[in-house]
Amino acid sequence: MTTPKPRVGLFVTCLVDFFRPTIGFSAVKLLEDAGCEVSVPAAQTCCGQPAYNSGDRGGARALAEQVIALFEGFDYVVIPSGSCAGMIKVHYPDLFVGEPGWRLRAERLAAKTHELTSFLVDVLGVAPLPVTWEGTATYHDSCSGLRELGLKAQPRRLLSSVEGLAVREMSDPEACCGFGGAFCVKYDEISNAIVDRKAADIKVTGADLLLSGDLGCLLNIAGKLKREGSRVEVRHVAEVLAGMTSGPAIGGTRK
Amino acid sequence: MSLGLTSASFPKNAHAALANPPLLKAIAHIEETLVGGRRRAVDALPEFDALRDAGRDIKAHTLKHLDLYLEAFEKKVVEAGGFVHWAADAAEASRIVLDICQAAGARRVTKGKSMITEEVGLNAFLGANGITPVETDLGEYIIQLRGETPSHIIAPAVHVNKEQVAADFRRVHTDLDPKRNLDEPTSLLAEARGVLRERFLSADVGITGANFLVAETGSTVIVTNEGNGDLTQILPKTHIVLASIEKVVPTLEDVATIMRLLARSATGQEMSVYTTFSTGPRRAGDPDGPEAFHVVLLDNGRSAMLGSEFEDMLRCIRCGACINHCPVYRSIGGHAYGSVYPGPMGSVLTPSLQGLEKAAHLANASTLCGRCESVCPMRIPLPKMLRHWREKEFERHLTPKKARFGLAVWRFFAARPHLYGAATRLAAWGLARLAGKNGALSQVPLADGWTRWRDLPAPEGGTFRTEWAKRGRK
Amino acid sequence: MSSRDAILGRIRRSLGVSGTDATRLAAVHHRLTETPVNVVPARGQLPDAERVELFVRKACEIFATVARLDSRDEVPAAVAEYLRDRNLPQAIRRGEDPRLASLPWEREAQLAVTIGPSVGRDLAGLSHADAGVAETGTVVLTSGVNNPTTLNFLPDHHIVVVDASTIKGDYETVWANLRERFGAGVMPRTVNLVTGPSRSADIEETLLLGAHGPRSLHILVVG
């Protein structure tokens, strides 16, 4: 008797959908290589975090209902973002205080929702298929993933199986990059000062590749590095793990 | 209220701070000194996280029984021969302190470092009534000479460099020999020590805050490194303690637990140099100590925080760890917040104390990175409370119109997947075309907040959902 | 209404509780009388000799200096030696504490010993600690008729005698001893926990010793 394949709903996230589908395809490849049956519900948009962090609970709640209804039928929900996974895992249940029916649905969804690297390591316990990347990378720990979900070892464990790749840590990989959603445009000058420090920390490592698990941070850091004329490539960790690195890096020049 | 509350002009303040290289250099030290110190101290104590849980539980228990512990504390102070005064707000607290000073015929008053006296604006009030207290903590003394407010709750003069201190001493200490070398921190300290020693010995009243009020014994506790707090409270005939109501803890055991967290979180010390328990005035036959002992208990909005979503904030022990680890504070320093308390703890507390209208920027000026909560010894969920303030701002329609409009547009599309798909498809395609081979944009309409400082990486072209559908997948 | 009643009333309203609720009163009474111990670090829980060694190590880490003496009769000579080593006048001020008064001061003919609180003119003060705490190298000093608090803060040099047998692993043990001596819920007027010499880092975060209190703390561990 063979165990049926776990049915995974991929929540691709609004940023990946818009800016970088490669991350979504990398996630699909990693999940399918790991023996999952992957679906991507077409009606997905956003997890509601922008509203939630702007104080608009009503707006966040409306989107949370949408996401719950769309994804609750899967065995697992996997997200290539610690920030969006944190929204569903940690914050969704709080949006339905005093509504036992919805709250239960939110809690059930939270329990089966996982950030991609955590799902591969903590839930499936698999190593990705062998891939190669010649070079030195440094890894930025995105805030929500690190502090809401405890992501730290998982991406590094997965990266350790990449042939030819050396990881050199920043002096403070856990420091915020200054993205913070609307913060980066509302308080852009402060956001810039923060990402400035991050860029400097990256440069000191001498790495030629900056990896992370959240596209928000990656856009911010890549945008900063590009403006400074840095040659450091910026990619989502899933791209390297899936070997889908033939296209240009984030913000990188196209052929 | 104390001088210079400018939270409403936070972005302007931040802009000025970012154009102040000496300030930025001073703040940069924090990484090695305070942040590094804390990390080393925490690593050296395996029970640190268990102590954090215990500390949180002590404060949570105390807050649920705050009325009873305050009554117990008051009873013990009175039994020891001291006086307890209750102040509903800042004005009443200042008035009580002034009355005690006047009744004691005080001309000279010294002060230990106390954020609560900053909160009530005590120095300005006493000064307006003919009594100017001399700050005796070295950092507080320096900023008093400069006519400034503290920029950090435990390192009030962290923004000042030694050349500035030397200039201030030469300006104010008129007896100072112009040839005296003040190039080094040691010589500056010696100068301040000499001047302040005289002040200590001639003071009529000493005013301190308290890190703890112990209900079991009626003791007030101060935790300091310099010894100035002790000289302030033992030398004058009258000692006044001004403390907010949430400083009470049940027992000495509870003090011990929180003490183990406080200095490690604040400066990376295992213990501050002086932890002093004062209980009532001097006893019969005692060779020294104050003859009168007054405790002023201040509410100033705290009782209303109980039972609200901000109750957890009352667990705060003012260690400053959240401030030291905050990427925003580390970019702009403390004064830009324009509030008595800077950093994450200040951004949660200030709207409670001053009203959300004046302080709405503070809750928004955070990336919600969560590092504050991760280092808070009392495990206060600071990001959650910042978000609560944002919710209150949104509910009360205080959110700026532009942001509200943007949110409404986004919400409209996000709730309509088909429209959303079409709109994002078009925008992604357009931006990708616009960026061309460069792969990034240095200017984007409506996004100048982003592109002023960094390029915007261009979308790859098609959205994921379009590409996915093209492959015939579901 | 007095502010006292207003504040207590507001607290009770916010919490939705009453000040006469028997369960609440019992919880508070229990905590204040049973004084439960919370988390105590394992670090100080050591056999006697090792505990004293930890105390010495911890005190030295935070810039105190320590001398070990076999008997309390050696204290006057140790004081004289300390003053000599630092080129200080042979003069010390102390309280009337019998533990200090009974020492053989006559053996140090050069040493001028004065008695009483400090008014800020003494270069060196001598106190007897009631206890030490090994966990952080802390000495515990209590005020009283024979123990002026000013001696702990005004002299430039503070010498503290502590009996090795009173060095405990943690603060909680010291609290228990205080309750035994002074009664439950009763404290001496001033209890000073002193951990190293006075210091400040308020100028450019540079650590400097001797801010307002003593520049140096010298601990004589007896036994």
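Please read these numbers as outputs of a predicted model, since none were measured by experiment.

Considerations on the overall build of chain A
1) Next: What chain A contains, in helices and strands, is 13 helices and eight strands.
2) Next: In terms of overall size, chain A behaves like a compact globule, its C-alpha atoms giving a radius of gyration of 18 Å where 255 residues would be expected to give roughly 18 Å.
3) Next: The dimensions of chain A, computed from C-alpha atoms along their principal axes, are 50 × 50 × 35 Å.
4) Next: Counting across all 255 residues of chain A, residues that qualify as buried make up 60%.

Some words on the interface of chain C and chain B
1) Next: Contacts between the two partners involve 62 residues from chain C, matched on the other side by 81 residues from chain B.
2) Next: For the side of chain C that touches chain B, the element with the highest residue contribution is helix α1 (residues 3-15) of chain C, accounting for 10 residues.
3) Next: Of the residues belonging to the side of chain C that touches chain B, the class tally is 27 nonpolar, 24 polar and 11 charged.

Let's talk about the confidence of the model for chain B
1) Next: For chain B, the mean per-residue pLDDT works out to 94, and 99% of the residues sit at or above 70.
2) Next: For this predicted complex, the interface confidence score (ipTM) comes to 0.98, while the overall pTM stands at 0.95.

What about the environment of A:Trp133?
Residue and element names in this part refer to chain A.
1) Next: Among the secondary structure elements, tryptophan 133 is positioned in strand β5 (residues 132-139).
2) Next: Sequence separation of tryptophan 133 and phenylalanine 18 is 115 residues, and the distance between their C-alpha atoms is 26 Å.
3) Next: In this structure tryptophan 133 touches Val162, Gly164, Leu165, Val240 and Thr245, once residues within four positions along its chain are discounted.

Observations regarding the packing of helix α17 (residues 343-354) of chain B against helix α18 (residues 356-364) of chain B
All names here are of chain B.
1) Next: Orientation of α17 relative to α18, taken along the N-to-C sense of each, is 175°, at an axis distance of 8 Å. One finds that α17 runs roughly antiparallel with respect to α18. Along its contact with α17, which presents Ser347, Thr350, Pro351 and Gln354, the element α18 presents Leu356, Lys358, Ala359, Leu362 and Ala363.
2) Next: In terms of residue class, the contact of α17 with α18 is made up of five nonpolar, three polar and one charged.

Quick look at the interface of chain A and chain B
1) Next: With 59 residues of chain A in contact, the opposing surface of chain B contributes 56 residues.
2) Next: Sorting the residues of the side of chain A that touches chain B by element identifies α1 (14-19), α2 (21-33), α3 (49-53), α4 (57-71), α8 (143-149), α10 (183-186), α11 (188-205) and α12 (215-227) of chain A as the ones contributing at least two each.
3) Next: Considered class by class, the residues forming the side of chain A that touches chain B number 29 nonpolar, 17 polar and 13 charged.

A short note on the domain arrangement of chain A
All names here are of chain A.
1) Next: Considered domain by domain, chain A is made up of domain 1 (7-122) and domain 2 (128-242).
2) Next: Just the C-alpha atoms count here: the centres of domain 1 and domain 2 sit 22 Å apart.
3) Next: Taken together, the contact between domain 1 and domain 2 spans 31 residues of the former and 25 residues of the latter.
4) Next: For the side of domain 1 that touches domain 2, the secondary-structure elements that each account for two or more residues are α1, α2, α3, α5 (82-91) and α7 (116-124).
5) Next: Counting residues per element, the side of domain 1 that touches domain 2 draws most heavily on α2, at seven residues.
6) Next: Its residues placed into classes, the side of domain 1 that touches domain 2 shows 13 nonpolar, 12 polar and six charged.

Analysis parameters
- Residues numbered from 1 in each chain as written.
- Chains lettered and ligands numbered in written order.
- Predicted model: local features only at pLDDT ≥ 70, side-chain atom pairs only at ≥ 80, totals over all residues.
- Helix = DSSP H or I, 4+ residues; strand = E, 2+ residues; numbered from the N terminus.
- Rg over C-alpha atoms; globule rule 2.2 N^0.38 Å.
- Buried ≥ 20, exposed ≤ 12 C-beta atoms within 10 Å, placed from the backbone.
- Contact = placed C-beta atoms within 7 Å.
- Nonpolar A, V, L, I, M, F, W, Y, C, P; charged D, E, K, R; others polar.
- pLDDT = per-residue confidence, 0-100.
- Axes fitted to C-alpha atoms, helices over the stretch in contact; angles between N-to-C directions.
- Parallel < 35°, antiparallel > 145°, perpendicular 65-115°, else oblique.
- Domains from an automatic or database assignment.

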